[in-house]
Amino acid sequence: MNFSSFADFIAMGNHGVYVWTAYGISLAVLILNVALPVLARRRYLQDEARRLRREESK
């Protein structure tokens, strides 16, 4: 790929909106594939710690 300017690179031959939207959606999916399991694990560990404290206090 040979672009004469940065603006031509961004425009991607008049397909820039499609190309950059596709990159953005792909990046969002990759971030969610990492973040959601990490957050779910943290929530699970907090719930288990809370449950164990409740059982110990009985």
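Conventions we followed
- Along each chain, residue indices are assigned from 1 in the same order as the chain's sequence is written.
- Note on the predicted model: pLDDT of at least 70 is required for a residue's local features to be given, and 80 or more for side-chain atom pairs to be given and counted; whole-chain, interface and lining totals, by contrast, use all residues.
- With hydrogens and water excluded, all non-hydrogen atoms of the structure serve as input to the side-chain values.
- UniProt positions are given in the numbering used here, feature names are shortened, and annotations may be inferred rather than shown by experiment.
- Secondary structure counts use DSSP, requiring at least four H or I residues in a row for a helix and at least two E residues in a row for a strand, with both numbered from the N terminus.
- The working definition used for a salt bridge is a side-chain nitrogen of Lys or Arg within 4 Å of a carboxyl oxygen of Asp or Glu.
- Partly exposed describes any residue whose relative accessible area lies between the buried limit of under 20% and the exposed limit of over 50%, with all areas from a 1.4 Å probe on protein chains only and scaled to the type maximum.

J.: Help me understand the UniProt feature "transmembrane region" (unreviewed entry) in the protein in this model?
T.: In this numbering, the UniProt entry assigns the feature "transmembrane region" (unreviewed entry) to residues 20-40. Within residues 20-40, the helical portion is 100% and the strand portion 0%, while the C-alpha atoms at the span's ends are 30 Å from each other.

J.: Explain the pattern of salt bridges to me, please; I cannot follow it from the model alone.
T.: Opposite charge on two side chains permits them to pair, given that their charged atoms come into close proximity. Inspection of every chain in the model, using the stated rule, returns three salt bridges. Among the salt bridges present, the one from Arg50 reaches Asp47, with a minimum N-O distance of 3.0 Å. In this pair, Arg50 and Asp47 are both assigned in helix α2 (residues 16-57), three residues apart and thus about one turn of the helix distant. The exposure class assigned to Arg50 is partly exposed, which follows from its relative accessible area of 40%. By relative accessible area, which is 37% here, Asp47 ends up partly exposed. Residue Glu55 is joined to Arg51 by a salt bridge in which the shortest nitrogen-to-oxygen separation is 2.7 Å.

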